[in-house]
Amino acid sequence: MRNILIIIIILFSINLANSRLAESIVAVVNNEIILLSELNQHIENSTSFESEKIDKKEYLTELVNLKVLEIQGKKMGIEVGEERVESIVKEIISKNGKDNFLKELENQKINEYIFKYRLKSQILQENLAQLVLKNKIVISEDEIEKYYEENFGKIEKENLINLYIFEPTDKSTIKKNIQVFIENSNEVVLQNEIRRLVDNGTLNESSKHLGFINPDKLSMEISTKLINAETDKLIGPILYDGKEQFFIIKEIIMGDSAFLEARDGIETSLFQEKSIKLLDDWFQELRDNSYISIRL
């Protein structure tokens, strides 16, 4: 009889414990749970109970959304631990100073906990985005031109040359020092090379990338020589702005100089717009395909 009583007590204790656990579960996301204690801790760390009316469902939604991202991240081999978040925060503080960091948090009306929480979510989203968006966003030239004409003005195409200008400190070494400009077409590489040659005194400060220009709008002497010149050939010396200068044409096209100058920025804007839309749709689909049970 005593043994039976002990068994009944044990079973009752187990049922009571399970009942309390069930009562403390506020959400289930796939096969993972969010406890009431987690929610209360999240709310307490995010804001003080005295400061304003607390909407527990709003804070629970934040936890659910992060949980959805974490679960998907694990499936795709992406995890963001607390150490990584702390390391990034330390780096931010090191670069900007603790006082500036705290002042920025105050300006945004958030505390350090919320900043770290959002940072973790952002890192997860950005890492997942690289995989989700890969090869899925294509920006056509027609889209870029349409955006320009809707926001800037009509595209007026004309003969243009992509032009570099050089003023060497020693004309006898010009061919050797700018050979890279003849052999290479990567604008970033060439811009860095100009900076290097100016810094070491090989070229004067007036040396630069002039961009796409209409040669007809330059002086008669320069215009005549540039119009008939070939690409990737050293042109000069030509008297320009009172000094003997050398030129290299990298490309000859029909286009609009203002459009070409704005083109990369437009492409970036269109990519960002499509990225946000695609990610919003992807995350909504991810939520829709997840088992989410709210028990608050």
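Note that the structure is predicted; figures quoted are calculated from it, not measured.

Concerning the environment of Ser172
Thought 1: Position of Ser172 relative to the elements: it lies in the loop between strand E3 (158-166) and helix H8 (174-177).
Thought 2: Between the C-alpha atom of Ser172 and that of Lys217, which follows or precedes it by 45 residues, the distance is 30 Å.
Thought 3: Polar side-chain contacts of Ser172 include one of 2.7 Å to the side chain of Asp170.

Topic: the sheet that holds strand E4 (residues 208-213)
Two modes of strand pairing occur in sheets, parallel and antiparallel, and in both the strands are linked by backbone hydrogen bonds.
Thought 1: Reading across from one edge, E4-E3-E6-E5 is the order of the four strands in this open sheet, with antiparallel pairing throughout. Looking along the sheet, the strands with just one partner apiece sit at the ends: E4 and strand E5 (234-240). In this sheet, adjacent strand axes meet at a mean angle of 35 degrees when their direction is disregarded.
Thought 2: Where E5 lies against strand E6 (residues 243-255), five bridges are found, and the strand directions are antiparallel. When the bridges of E6 are listed, Ile238 appears paired with Gln245.
Thought 3: On the sheet, helix H11 (residues 220-227) packs against E3, E5 and E6 and is oriented at approximately 170 degrees with respect to E5.
Thought 4: With respect to the sheet, helix H12 (residues 257-288) is in contact with E3, E4 and E6, its orientation differing from that of E3 by roughly 70 degrees.

So, how was this worked out
Residues numbered from 1 in each chain as written. Predicted model: local features only at pLDDT ≥ 70, side-chain atom pairs only at ≥ 80, totals over all residues. Heavy atoms only, no water. Helix = DSSP H or I, 4+ residues; strand = E, 2+ residues; numbered from the N terminus. Polar contact = N/O pair within 3.5 Å; in protein donor to acceptor, adjacent residues only side chain to side chain. Pairing = 2+ DSSP bridges. Axes fitted to C-alpha atoms, helices over the stretch in contact; angles between N-to-C directions. Contact = heavy atoms within 4.5 Å.

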